[in-house]
Number of protein chains: 2
Amino acid sequence: MAERNTRQKRAIQAVLATAEAPLSVRDILLAARRDVPSLSQGTVYRVLKALTAKGRVAIVQLPGEVPLYEVAGKSHHHFFRCRKCDHMYEIEGCSKVLRHLVPDEFQLEDHEIFLFGLCPVCR
Amino acid sequence: MAERNTRQKRAIQAVLATAEAPLSVRDILLAARRDVPSLSQGTVYRVLKALTAKGRVAIVQLPGEVPLYEVAGKSHHHFFRCRKCDHMYEIEGCSKVLRHLVPDEFQLEDHEIFLFGLCPVCR
DNA sequence: GTCGTTGCAAAGCGTTTGCAGCCTA
DNA sequence: TAGGCTGCAAACGCTTTGCAACGAC
């Protein structure tokens, strides 16, 4: 019943903790294998699923792309994706004006915003 | 070279044209088979891909779900998804305030907004 | 020693694609 | 009749899962 603290879990969480941008399963697998070379894909999926269920990891799902993972608990934010270099920038804060988009009869609980364009470097 | 006007394409476009909400590939396949029973999944994918490339169809990609398709050319809008009945409502208009979310050095070109909550019926 | 966890490989699911025959123009 | 289009089925990429061995406690 008690959850166990394994090398695999520690390696995966360490990778997520030190990442500066959301990572794909492949990214996580390759990075974590530097600590635990025998790490398998299946384990990465299982550990991520468990961490997500516990609310310790958040999924960043861009339209038409594979899901990315980041540590949860950061302040509410969204992402800006540069269409040239593909880099993802975190956008802090979030417009209160969203509430006015929907009629009052709707009860707005959550939202996702993805911004696309050119970043300062690529302009 | 010249594109041909087949029963399959007509059936698929008719389904999209009369749909009141974005449809999945499965939805489209089942509906279009009422006109063309022999219609195959592969053809649906190919026709949708072609229509999308020509800008006649738009993809609605909700995080973690299969893509949905709708006729393009509607006025700019986003979606509100009821987390209880799963119905999707179109939200007209879109906040200009988005531009203020990103620093001036970023060149904002496009965006996606998904709203989640309870619709008037389910509240 | 127990039993949660892992690696492996097979299976699952949505989507793409090669190919031979079909049918629109 | 030409060649774009279709149905079929195999292949593909990502994710899940069954199972026996492993290892944290």
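Predicted model, so just to flag it, every value in this text is computed and none were measured.

(A) Spatial organisation of the pattern of salt bridges. With the rule as written, the count across this model stands at ten salt bridges over all chains. With its nearest N and O atoms 3.9 Å apart, the salt bridge here joins Arg 81 of chain A to Asp 86 of chain A. With its nearest N and O atoms 3.7 Å apart, the salt bridge here joins Lys 9 of chain B to Glu 3 of chain B. Taking the relative accessible area as the measure of exposure, Lys 9 of chain B reaches 22% and is therefore partly exposed. Exposure remark for Glu 3 of chain B: the relative accessible area of 55% places this residue in the exposed category.

(B) Inspection of the interface of chain A and chain B at higher detail. Contacts between the two partners involve 33 residues from chain A, matched on the other side by 33 residues from chain B. Carbon and sulfur atoms make up 68% of the surface buried where chain A meets chain B, a total of about 2900 Å² over both sides. Across the chain A-chain B interface, the total number found is 14 residue pairs in polar contact (both at pLDDT 80 or more). Of all the secondary structure elements, the ones that give two or more residues to the side of chain A that touches chain B are strand S4 (88-92) and strand S5 (107-118) of chain A. Here the element with the most residues in the side of chain A that touches chain B is S5 of chain A; it accounts for twelve residues. Each residue belonging to the side of chain A that touches chain B can be placed in one class, and the counts come to 18 nonpolar, seven polar and eight charged. As paired elements, S5 of chain A and strand S5 (residues 107-118) of chain B share eleven bridges and run antiparallel to each other. By the bridge assignment for S5 of chain B, Leu 118 of chain A is matched with Gln 107 of chain B.

Definitions and cut-offs
Residues numbered from 1 in each chain as written. Chains lettered and ligands numbered in written order. Predicted model: local features only at pLDDT ≥ 70, side-chain atom pairs only at ≥ 80, totals over all residues. Heavy atoms only, no water. Salt bridge = Lys/Arg side-chain N within 4 Å of Asp/Glu carboxyl O. Buried < 20%, exposed > 50% of the residue type's maximum accessible area, 1.4 Å probe, protein only. Contact = heavy atoms within 4.5 Å. Buried area = accessible area lost by both parts, 1.4 Å probe. Polar contact = N/O pair within 3.5 Å; in protein donor to acceptor, adjacent residues only side chain to side chain. Helix = DSSP H or I, 4+ residues; strand = E, 2+ residues; numbered from the N terminus. Nonpolar A, V, L, I, M, F, W, Y, C, P; charged D, E, K, R; others polar. Pairing = 2+ DSSP bridges.

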